[in-house]
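# Residue-level structural notes
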Amino acid sequence: MALLEVQDLEIAVRTKGKLLPVVQGVSFDVDDNETLGIVGESGCGKSLTALAIMGLLGGTTVRITGGNIRFDGMDLLTLSDGERRSIMGNRMAMIFQEPMTSLNPVYRIGDQIIENIRQHQKMTNAQARDRAVELLSLVRIPNPSERVDSFPHQMSGGQRQRVMIAMALSCDPKLLIADEPTTALDVTVQKEVLDLMADLQTRMGTAIVLISHDLGVISETCDKVAVMYRGRVVEAAATENLFTELAHPYTRGLLNSIPVVDSDVDWLEAIPGRVPTLEEELTGCAFHPRCALVTKLCATTVPQEIEYKPGHSVRCHFSGKVAP
Amino acid sequence: MTEPLLRVIDLKTHFRIKASWMFGEKQLIKAVDGVSFDIAPGEVLSLVGESGCGKSTVGRTLTHLDQATSGRALFEGQDFLVMSPIEFRPLRREIQMIFQDPFASLNPRLKIEQTLGEPLFIHGLCKTWDEARAKIAVMLETVGMDPLVMKRHPHEFSGGQRQRIGIARVMILKPKLVIADEAVSALDVSIQAQVLNLLKKLQQDSGVSMLFISHDLGVVRHISDQVAVMHEGKIVEIGRKRQIFEAPQHEYTRKLLESIPRVKIGKEVA
């Protein structure tokens, strides 16, 4: 049994009295010491999936309407609030995208780390402070014993993201969910942060779910990848297989859309059209209005998930006919 | 040797800021600190660098949005940094800017035809609305949109469509130089590719020169003829695109290129 198992997850948003499905039948699992990448464009449901795992979908507008999420054998969706609180930030932690807005600007960063540690572990304030300094040096903040008393605005974006990582790691989580952790950062800083996460993983054996829109980041850091399009996982495989033998036209389109730094092309093969909005009702495969391989079948029938190669699943009626 | 359309010589833009609101010890920020480059007619020069390197300030200084501290910028041989706002006005048509955020750069209260029509009247390119609408219709088709959208408001469009409208607003004036500051950075990859293709096609068809400001080296490689790498207010390396990407000389350029995560296909690097 894997550490995290997500099965047939369904999430819906309530707008104007209607329930619109935003995540449909999403399944994946992640094991210790493994990194799963979830890739897709805005609105594909990747962040909502992460929030669902962390139990952060509250209220009446966005809610989980089906499926289950198991972490270390526990069913996360039936936990009481108290039980959930004892796991989140402790055995499971999340790094958010915005290092600028996810730290509280009026508290010193040390105090914010200490708060999380003391919430979950029996420690005196002084012990927790030592631990905070240790964590800051772990994420390579220079002069950690002084910087522990800094306010967020006194740090750069890269440093703040490291503080977020330090906070997430403060209780040695078994699972780390990182939602676009480097998107707001410069490339050189991004490299440092990604290297740091990989290094911490080898040392502590953490399982990581990395959510990103950047195929390069996914390719360099993940063991396996799930590609999402409008609420569904359309293709999933081990990273090296996905990019070598990709079977879904959307994955191919994404890959062709990226201007690469190592070669010249005259024109990018862009995917025509745009990502459909939530309100648009789509029958059949959600990608069919933009797909070059489209047939009548695509417009009427939702493709089932099939095993294209061992360990490589895809949702497309024409998987395998995608140009290499 | 053709005369450059734009020649920037030792441009400096410094800002004086107070270190704290109360104890006013003034600090000097050298955002742009001695930058020189030429753009020939019909060429695309990219300024690439990380946040805070001063690349956007160069663009803002050249459009009079920030004031230059020293240095010269010649447009067809004329130094326009020293011009008064009124003297600069005719050049505003010729030097146009595309902004990053497609959600903030269109006036939400104006219909698309007003947004595109206003500059036509200001610069005296049209006398009547019939004339203007005809031009707007042609322009909207050029950027891949239905001319009927001119009756609608910005909120009805997606980010990619808004950026197309932003490009239409610039190109309708037939400028000689377009300054594009992170023009595709806010878009999803599949939409970014469409808009990049559009920009490249418009640039090639109209022969407009472009100063393309971006942090994304992949995008820069795709669109540029020349590339200037900026770091801490200075250009550390400038040259033809192939030279910068295939034989980078400066350590910082190499570091930037090495830092980019790449998609690995099979055993080789794509």
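What you see is a predicted model; the values in this text were computed from it and never measured.

Here the focus is the overall build of chain A. Looking only at helices and strands, one finds 11 helices and 12 strands in chain A. Here chain A has a C-alpha radius of gyration of 21 Å; the compact-globule value for 324 residues is 20 Å, and the two agree. For chain A, the spread of C-alpha atoms along the principal axes amounts to about 65 × 50 × 40 Å. Residues counted as buried form 53% of the 324 residues belonging to chain A. Sequence-distant contacts, at least 24 apart, represent 63% of the contacts inside chain A between residues at least 6 apart. A total accessible area of about 14,300 Å² is found for chain A, and carbon and sulfur atoms account for 50% of it. Counting 31 positive and 41 negative side-chain charges, chain A places the averaged centre of each group 6 Å from the other.

Quick look at the pairing of strand E10 (residues 232-238) of chain A now. Residues and elements named next belong to chain A. The element E10 is largely enclosed, with a buried count of six among its seven residues. In this structure, strand E9 (residues 224-229) lies alongside E10, joined through six bridges in antiparallel fashion. By the bridge assignment for E10, Val 225 is matched with Ala 237. Counted between consecutive antiparallel strands, the loop separating E9 from E10 contains two residues, among which Arg 230 sits at a positive phi close to 40°.

Once that is clear, we can look at the side chain of Glu 113 of chain B. Turning to its location among the elements, Glu 113 of chain B is positioned in helix H3 (residues 112-122). In this structure Glu 113 of chain B touches Trp 129, Arg 133, Ile 136, Met 150 and Lys 151 of chain B, once residues within four positions along its chain are discounted.

All names here are of chain A. Strand order across the open sheet formed by eight strands is E6-E7-E8-E3-E9-E10-E12-E11, with mixed pairing between neighbours. Unpaired on one side and paired on the other, strand E6 (92-95) and strand E11 (306-309) mark the two borders of the sheet. This sheet shows a mean twist of 20° between the axes of neighbouring strands, independent of strand direction. As paired elements, E11 and strand E12 (residues 312-314) share three bridges and run antiparallel to each other. In the sheet register, Ile 306 faces E12, and the bridge partner there is Val 314.

All names here are of chain A. Ile 113, Leu 136, Val 163, Ile 165, Val 227 and Tyr 250 are the most contacted members of the largest nonpolar core, which has 57 residues in total. Residue contributions to this core peak at seven residues, all from helix H6 (residues 157-169). Of the domains in this structure, domain 1 (4-91 + 171-314) and domain 2 (101-170) are the two that each give at least three residues to this core. If we skip the residues at most four places from it in the chain, Ile 165 touches Ile 95, Val 139, Val 193, Leu 196, Met 197 and Leu 200.

Bringing the pairing of strand E7 (residues 175-179) of chain A into the picture now. Residue and element names in this part refer to chain A. Of all the five residues making up E7, five are buried; the element is thus mostly covered by neighbouring parts of the structure. Relative to E7, E6 runs parallel, the two sharing four bridges. Residue pairing in the sheet places Ala 93 in a bridge with Leu 176 of E7. Both E7 and strand E8 (residues 207-212) contribute to a ladder of five bridges, which runs parallel. Within E8, the position partnered with Ala 178 by the bridge is Leu 210. Of the crossover connections in this fold, the one passing from E7 over helix H7 (residues 187-204) to the parallel E8 is right-handed.

Right, let's talk about the interface of chain A and chain B for a bit. Contact with chain A, which involves 36 residues of that partner, is made by 38 residues of chain B. Between chain A and chain B the total buried area reaches about 3,200 Å² when both faces are included, carbon and sulfur atoms providing 56% of it. Among the residues chain A hides against chain B, the three largest losses belong to Val 261, Asp 264 and Trp 267 of chain A. Together they make up 20% of the total. Linking chain A to chain B there are five salt bridges. Linking Lys 264 of chain B and Glu 220 of chain A is a salt bridge whose minimum nitrogen-to-oxygen distance equals 3.8 Å. Here chain A and chain B share 16 residue pairs in polar contact (both at pLDDT 80 or more) between them. Elements with a contribution of two residues or more to the side of chain A that touches chain B: H7, helix H8 (215-221), helix H9 (239-244) and helix H10 (249-257) of chain A.

To continue, consider the confidence of the model for chain A. Residues of chain A with pLDDT of at least 70 account for 99%, and the chain-wide mean is 90. When mean pLDDT is taken per element in chain A, strand E3 (residues 35-39) of chain A scores highest with 97 and H7 of chain A scores lowest with 88.

Before going further, it helps to spend a moment on the pattern of salt bridges. Residue and element names in this part refer to chain B. All told, the structure shown has 32 salt bridges over all chains when counted by the stated rule. Residue Arg 60 pairs with Asp 66 through a salt bridge whose shortest N-O separation is 3.0 Å. Of the residues examined, Asp 66 reaches a relative accessible area of 15% and is grouped as buried. Residue Lys 176 pairs with Glu 94 through a salt bridge whose shortest N-O separation is 3.3 Å.

Further remarks concern the side chain of Gln 159 of chain A. Residues and elements named next belong to chain A. Relative to the elements of secondary structure, Gln 159 occurs in helix H6. The buried category is assigned to Gln 159, whose relative accessible area is 17%. Ignoring any residue separated from it by four or fewer positions in sequence, one finds Gln 159 in contact with Ile 141, Pro 142 and Arg 147.

Analysis parameters
Residues numbered from 1 in each chain as written. Chains lettered and ligands numbered in written order. Predicted model: local features only at pLDDT ≥ 70, side-chain atom pairs only at ≥ 80, totals over all residues. Heavy atoms only, no water. Helix = DSSP H or I, 4+ residues; strand = E, 2+ residues; numbered from the N terminus. Rg over C-alpha atoms; globule rule 2.2 N^0.38 Å. Buried < 20%, exposed > 50% of the residue type's maximum accessible area, 1.4 Å probe, protein only. Contact = heavy atoms within 4.5 Å. Areas by Shrake-Rupley, 256 points an atom, 1.4 Å probe, with all protein chains shown as cover. Lys, Arg positive; Asp, Glu negative; His and termini not counted. Charge placed at Lys NZ, Arg CZ, Asp CG, Glu CD. Pairing = 2+ DSSP bridges. Axes fitted to C-alpha atoms, helices over the stretch in contact; angles between N-to-C directions. Core = buried A, V, L, I, M, F, W, Y, C linked by side-chain atoms within 4.5 Å. Domains from an automatic or database assignment. Right-handed = clockwise from strand over helix to strand, strands pointing away. Buried area = accessible area lost by both parts, 1.4 Å probe. Salt bridge = Lys/Arg side-chain N within 4 Å of Asp/Glu carboxyl O. Polar contact = N/O pair within 3.5 Å; in protein donor to acceptor, adjacent residues only side chain to side chain. pLDDT = per-residue confidence, 0-100.

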